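Reading the structure
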Amino acid sequence: MADLPAEPQPSSGYWFPPDEPETASTVELLNELRRYRSSNTRMRSRVGDDMDMGEKDLLALRALLEAQAEGRVLRQRDLARMLDIRPASASALVDRLVRDGHAERMPHPEDRRSIAVVPTRHGDEEVRATLADMHERMFAIARALSPQEREVVTGFLRRLNHDAAGEGER
């Protein structure tokens, strides 16, 4: 395992009040979350470059693979809604996935008037080959936490996600 970067210097508290007793640890936590988001963005860009795909294309392929693993089938309009893009953009996105062999269109199994978009074996294999090492490292880091630590981190992230999705109190 590679060495962790040196501990960052404490934040000035630019965004957060500097005089609260627990602010330093709170600010440090939020700064690490911000750094993770930046690192994750850079990683997704590298993955996109490796697979010669844009970010929305990667997100769409991930959604297709997740749906397949759950026994669900997505339509193009489902992808448009999930990715918050226009139907025409979703059509172009699916065209690219199909052209590059990552997905295919087929009759929807439950609604013969609809067209389903499903991932191909090639799409699944390419995602697994590209992301396997990163996912193994992430899993190892999460597994190294105690059950109590995982519970705390999971609850923290769940509340942040809930809030970021606009579902928090206003």
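What comes next is a walk through the structure. (Residues numbered from 1 in each chain as written. Predicted model: local features only at pLDDT ≥ 70, side-chain atom pairs only at ≥ 80, totals over all residues. Heavy atoms only, no water.)

1. Description of a nonpolar patch on the surface
Here is the rule we go by: Residues with no salt bridge and a relative accessible area higher than 30% make up the patches, which join like charges within 9 Å and nonpolar side chains (Val, Leu, Ile, Met, Phe, Trp, Tyr) within 5 Å. The accessible surface values rely on the Shrake-Rupley method and a 1.4 Å probe; as for residues, cover is taken only from the protein chains in view. Definition used for salt bridges: Asp or Glu carboxyl oxygen within 4 Å of a side-chain nitrogen of Lys or Arg. A run of H or I in DSSP counts as a helix once it spans at least four residues, and a run of E counts as a strand once it spans at least two, with each numbered from the N terminus. A 1.4 Å probe rolled over the protein chains alone gives each residue an accessible area, and that area as a share of the maximum for its type sets the label: buried under 20%, exposed over 50%, partly exposed in between.
Nonpolar side chains collect at one region of the surface, where Val 153, Leu 157 and Leu 160 lie side by side and expose about 200 Å² of accessible area between them. Its location among the elements puts Leu 160 in helix α6 (residues 147-164). According to the relative accessible area criterion, Leu 160 is partly exposed, its value standing at 31%.

2. Considering empty space enclosed by the protein
Heads up, the condition is: Think of a 1 Å grid over the protein atoms and nothing else: a 1.4 Å probe that fits but is trapped marks a cavity, an open set flanked by protein within 12 Å on at least five of seven lines marks a pocket, and residues with an atom within 4 Å of a point count as lining. Grid points are joined across faces, edges and corners, and a volume is the space filled by probe spheres set on the points. Residues are grouped as follows: Ala, Val, Leu, Ile, Met, Phe, Trp, Tyr, Cys and Pro are nonpolar; Asp, Glu, Lys and Arg are charged; all remaining types, including Gly, are polar.
For the coordinates displayed, the defined rule picks out 1 cavity of 30 Å³ or more. Space inside the largest cavity adds up to approximately 30 Å³. In terms of lining, the largest cavity is formed by Leu 64, Ala 67, Gln 68, Arg 72, Val 73, Leu 74, Val 117, Val 118 and Pro 119. Put simply, the parts of the chain that give the lining of the largest cavity at least two residues each are α2 (55-69) and β3 (115-119). A breakdown of the residues in the lining of the largest cavity according to their chemical character gives 7 nonpolar, 1 polar and 1 charged.

3. Notes on the layout of surface pockets
For the second largest pocket, the calculated volume is near 680 Å³. Taken together, 20 residues line the second largest pocket, and the ones lying closest to its centre are Arg 62, Val 127, Leu 131, Met 134 and His 135. Counting only elements with at least two residues in the lining of the second largest pocket, the list comes to α1 (23-51), α2 and α5 (121-144). A per-class count over the lining of the second largest pocket returns 12 nonpolar, 3 polar and 5 charged.

4. Side note on the pattern of salt bridges
Counted according to the given criterion, the structure contains 13 salt bridges. Here Arg 81 and Asp 78 are joined by a salt bridge, their closest N and O atoms 3.3 Å apart. Here the residue Arg 81 and the residue Asp 78 both occupy positions in helix α3 (residues 76-83), the gap between them amounting to 3 residues, near one helical turn. Assessed through its relative accessible area of 58%, Arg 81 is described here as exposed. Close ionic contact of Arg 99 with Asp 100 constitutes a salt bridge, the shortest N to O distance being 3.0 Å. In the salt-bridge network here, residues are joined through shared partners; they are Arg 75, Asp 111 and Arg 113.

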